[in-house]
Amino acid sequence: MAPGSRGARSSFRSRRGPGVPSPQADATMLSRLLKEHQAKQNERKELQEKRRREAITAATCLTEALVDHLNVGVAQAYMNQRKLDHEVKTLQVQAAQFAKQTGQ
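Looking at an unreviewed UniProt entry, one finds the chain named Biogenesis of lysosome-related organelles complex 1 subunit 1 and attributed to Cebus imitator. Turning to the chain, the UniProt annotation filed under Catalytic activity (unreviewed entry) states: "L-lysyl-[protein] + acetyl-CoA = N(6)-acetyl-L-lysyl-[protein] + CoA + H(+)". Taken directly from UniProt, the Sequence similarities (unreviewed entry) text for the chain runs: "Belongs to the BLOC1S1 family."

Below you can see the structure in the form of structure tokens.
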């Protein structure tokens, strides 16, 4: 090794070249990256919350539609039962009258 090359090498290590950032630049870059990461994370959280609210709304609408559909069926069954009860009473009265007439 030449005596001049050793000094050049040690001074090369202590100096920063044009493409090597300073410690302040490193900290600024890390800070910027952290802020970008946090901003993206917040966007994802907001999107997830929006989708969660939309899913809840859709599930609520579906539940209400299913309950309404079921209630229509229940109401129809109730009306049919009332009609049947009325018919049973009418037939009982007619049967009693027929029995009375046949007994005479």
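As for the overall build of the chain
Along the chain, the regular secondary structure elements total 2 helices and 0 strands. Split into buried and exposed, the 104 residues of the chain put 0% on the buried side. Accessible area of the chain: about 9,900 Å², with a carbon and sulfur share of 59%.

Topic: a nonpolar patch on the surface
A cluster of nonpolar side chains, Met-29, Leu-30 and Leu-33, forms an exposed patch at the surface whose accessible area comes to about 280 Å². On the secondary structure map, Leu-30 appears in helix α2 (residues 23-103).

Structural notes on the UniProt feature "coiled-coil region" (unreviewed entry) in the chain
UniProt feature "coiled-coil region" (unreviewed entry): in the numbering of this structure it lies at residues 30-57. Overall, residues 30-57 shows 100% helix and 0% strand. The separation of its end C-alpha atoms is 40 Å.

Brief notes about the pattern of salt bridges
In this structure the tally under the stated criterion is 3 salt bridges. Its salt-bridge partner being Arg-32, residue Glu-36 comes within 2.9 Å of it at the nearest N-O pair. You can see Glu-36 and its partner Arg-32 sitting in helix α2, 4 residues apart, about one turn around the helix. What emerges from the salt-bridge pattern is a single network uniting Glu-49, Arg-52 and Arg-53.

Calculation rules
- Residues numbered from 1 in each chain as written.
- Predicted model: local features only at pLDDT ≥ 70, side-chain atom pairs only at ≥ 80, totals over all residues.
- Heavy atoms only, no water.
- UniProt positions renumbered as here; feature names shortened; annotations may be inferred.
- Helix = DSSP H or I, 4+ residues; strand = E, 2+ residues; numbered from the N terminus.
- Buried < 20%, exposed > 50% of the residue type's maximum accessible area, 1.4 Å probe, protein only.
- Areas by Shrake-Rupley, 256 points an atom, 1.4 Å probe, with all protein chains shown as cover.
- Patch = residues over 30% accessible without salt bridge, like charges linked within 9 Å, V, L, I, M, F, W, Y side chains within 5 Å.
- Salt bridge = Lys/Arg side-chain N within 4 Å of Asp/Glu carboxyl O.

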